[in-house]
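For reference, the chains in residue letters:
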Amino acid sequence: MRGCRKSPGDGEARRERRKLRSAATMEISLELGNMTRVQEFILLGLSTSPETREVLFAAFLTLYLLTLLENALIVFLVCSHTELHKPMYFFLGNLSCLEMCYVSVTMPSLLAGLWTGPCHVPFPACMTQLFFFIALICTECTLLASMAYDRYVAICRPLHYPLLMRPQVCLGLAGTSWLGGLLVSVAKTTCISSLSYCGPNVLNQFFCDVSPLLNLSCTHVALTELVDFLSAIVIFCGTLLVALASYSAIGVTVLHMPSAAARRKAFSTCTSHLVVVGIFYSAALFIYCRPSRIRSMDLNKVLSVIYTVATPMCNRVVYCLRNREVHAALFRTLRWT
């Protein structure tokens, strides 16, 4: 019986062998994980037909250059003409700077896909594009809400306008918009980049967007979808409520104005911004206020084109067509030239 007893050395040897086997198993699993982890994504873009791609490339390149030109012109006019140094044009200048960055984040990959076909994007580049896209779209939401508040103060509380919209307040609103967009983007991009992507790696989109990336993840995405949903509620729905509340108060005030001329003048200062807000939020809220994965990716791409390409180009046209101060500043600049 004594000969069958196990010595302490045998137990220690068995424990050492178990440790070695577990370490080897962990190394093998890590190697397999590194082998299967997606290193790049393939963006399918808008069209697979070569003839269609050539036409779309020319069209979107023209739209891209026009958008940059329009927004750069607005920034130049706002900075160079003292009569445009007002809160409304300050926010318009910020929005123009933002949209030059905004289209420059998404349009290069769209154009590259139309020129060469499906575009291969490394994982770090995809996450970088996603970070800037989220930051800019969140900043735009907050800037649009700030512009709606500016119109509310100008129409509903005109006597307090110089105090409520003094330069310090305008700088604070703009700075909060940019900083808030960056913070939200850090949280969302960190969650999405920490997911595992084991394949496939094909994104049915022309840029790295949230929903297509969640569709490709091979791990549980409930926490990431929750963060995405909560940020959509806070940023999109919150700023939309501010805009709706502002314009509801404006509508009540305008309806109580005694003269038709005063009502027309008040409405003329708000209609352009209201049109832009309606187009932007209609497309963006449909996509981003849904925590579940979107099935109709073709519809997703069409809506993405609306708020990443069409809206930035049309914003400047809508804002400036009926603005006499901008017209006067532009004519003086052209005459001086």
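Criteria and thresholds
- Residues numbered from 1 in each chain as written.
- Predicted model: local features only at pLDDT ≥ 70, side-chain atom pairs only at ≥ 80, totals over all residues.
- Heavy atoms only, no water.
- Pairing = 2+ DSSP bridges.
- Helix = DSSP H or I, 4+ residues; strand = E, 2+ residues; numbered from the N terminus.
- 1 Å grid on protein atoms, 1.4 Å probe; cavity = no way out; pocket = protein on both sides within 12 Å on 5 of 7 lines; lining within 4 Å.
- Points joined across faces, edges and corners; volume = space filled by probe spheres on them.
- Nonpolar A, V, L, I, M, F, W, Y, C, P; charged D, E, K, R; others polar.
- Disulfide = S-S within 2.5 Å.
- Buried < 20%, exposed > 50% of the residue type's maximum accessible area, 1.4 Å probe, protein only.
- Salt bridge = Lys/Arg side-chain N within 4 Å of Asp/Glu carboxyl O.
- Axes fitted to C-alpha atoms, helices over the stretch in contact; angles between N-to-C directions.
- Parallel < 35°, antiparallel > 145°, perpendicular 65-115°, else oblique.
- Left-handed = near helix turned anticlockwise from the far one by under 90°.
- Contact = heavy atoms within 4.5 Å.
- UniProt positions renumbered as here; feature names shortened; annotations may be inferred.
- Polar contact = N/O pair within 3.5 Å; in protein donor to acceptor, adjacent residues only side chain to side chain.

### So, the pairing of strand 1 (residues 40–43)
Argument step 1. Sheet topology places strand 1 next to strand 2 (residues 119–122); four bridges connect them, and they run antiparallel. For Phe 41, the partnering residue across the bridge sits in strand 2 and is Val 121.
Argument step 2. Examined bridge by bridge, strand 1 and strand 3 (residues 202–203) share two bridges and lie parallel to one another. Note on strand 3: the bridge partner recorded for Leu 43 is Leu 203.

### A closer look at the layout of surface pockets
Argument step 1. Here the largest pocket is characterised by a volume of approximately 750 Å³.
Argument step 2. Those elements that provide at least two residues to the lining of the largest pocket are helix 3 (87–116), helix 4 (123–156), helix 9 (260–268), helix 10 (271–288), helix 11 (297–321) and helix 12 (324–336).
Argument step 3. Here the lining of the largest pocket takes five residues from helix 4, the largest share from any one element.
Argument step 4. In the lining of the largest pocket, the residues fall into 11 nonpolar, five polar and seven charged.

### Thoughts on the state of the cysteines
Argument step 1. In this structure the tally under the stated criterion is two disulfides.
Argument step 2. With its sulfur 2.0 Å from that of its partner, Cys 126 forms a disulfide with Cys 208. A torsion of -130° about the S-S bond marks the disulfide between Cys 126 and Cys 208 as left-handed. Taken as a pair, Cys 126 in helix 4 and Cys 208 in the loop between strand 3 and helix 7 (210–216) lie far apart in primary sequence, 82 residues in all.
Argument step 3. Residue class for Cys 126 comes out buried when judged on its relative accessible area of 0%.
Argument step 4. A residue is classified by how much of its surface remains accessible, and Cys 208, at 0% relative accessible area, is buried.
Argument step 5. Residue pairing for Cys 198: its cysteine sulfur links by disulfide to Cys 218, the two sulfurs lying 2.2 Å apart. Measuring the twist about the S-S bond at about 45°, one finds the Cys 198-Cys 218 disulfide to be right-handed. In this pair, Cys 198 is assigned in the loop between helix 6 (167–193) and strand 3 and Cys 218 in the loop between helix 7 and helix 8 (222–255), connecting sequence segments 20 residues apart.
Argument step 6. By sequence order of its bonded cysteines, the protein has the disulfide arrangement 1-3, 2-4.

### Quick look at the pattern of salt bridges
It is possible for side chains of opposite charge to pair when their charged atoms get near one another.
Argument step 1. Across all of its chains, the model carries three salt bridges by this definition.
Argument step 2. Glu 83 is paired through a salt bridge with Arg 332; the nearest N and O atoms lie 1.9 Å apart. Placement of the pair is Glu 83 in the loop between helix 2 (50–80) and helix 3 and Arg 332 in helix 12, with a sequence separation of 249 residues.
Argument step 3. The partly exposed category is assigned to Glu 83, whose relative accessible area is 27%.

### Describing the environment of Pro 108
Argument step 1. Counting through the fold element by element, Pro 108 comes out in helix 3.
Argument step 2. Residue classification places Pro 108 among the partly exposed positions, given a relative accessible area of 38%.
Argument step 3. Placed 99 residues apart in sequence, Pro 108 and Phe 207 show a C-alpha to C-alpha distance of 9.1 Å.

### What about the packing of helix 3 against helix 6?
Argument step 1. One can describe the packing of helix 3 onto helix 6 by two numbers: an axis separation of 10 Å at closest approach and a directional angle of 20°. What the angle tells us is that helix 3 and helix 6 run roughly parallel. The hand of the helix 3/helix 6 crossing is right-handed. Packed against helix 3, whose contacting residues are Pro 87, Phe 90, Phe 91, Asn 94 and Leu 98, the element helix 6 presents Cys 170, Leu 171, Leu 173, Ala 174 and Trp 178 at the interface.
Argument step 2. When its residues are assigned to classes, the contact of helix 3 with helix 6 shows nine nonpolar, one polar and no charged.

### Details of the sheet that holds strand 1
Argument step 1. Strand order in the open sheet formed by three strands is 2-1-3, and the pairing between neighbours is mixed. Across the chains shown, the open sheet's two edge strands, defined by having one partner strand only, are strand 2 and strand 3.
Argument step 2. Contacts between helix 4 and the sheet are confined to strand 1, strand 2 and strand 3, with strand 2 contributing the most and set at about 90° to the helix.

### Comments concerning the environment of Gly 251
Argument step 1. Tracing the backbone shows Gly 251 in helix 8.
Argument step 2. It is 9.7 Å that separates the C-alpha atoms of Gly 251 and Ile 155, two residues lying 96 residues apart in sequence.

### Observations concerning the UniProt feature "transmembrane region" (unreviewed entry) in the protein
Argument step 1. Here the UniProt feature "transmembrane region" (unreviewed entry) sits at residues 55–79, 91–115, 127–149, 229–255 and 267–288.
Argument step 2. Across residues 229–255, helical content stands at 100% and strand content at 0%; the span's end C-alpha atoms are separated by 37 Å.

### Overview of the environment of His 256
Argument step 1. Relative to the helices and strands, His 256 is located in the loop between helix 8 and helix 9.
Argument step 2. Under the relative-accessibility criterion, His 256 is labelled exposed at 67%.
Argument step 3. Of note is the side chain of His 256, whose polar atom sits 2.7 Å from the backbone oxygen of Val 252.

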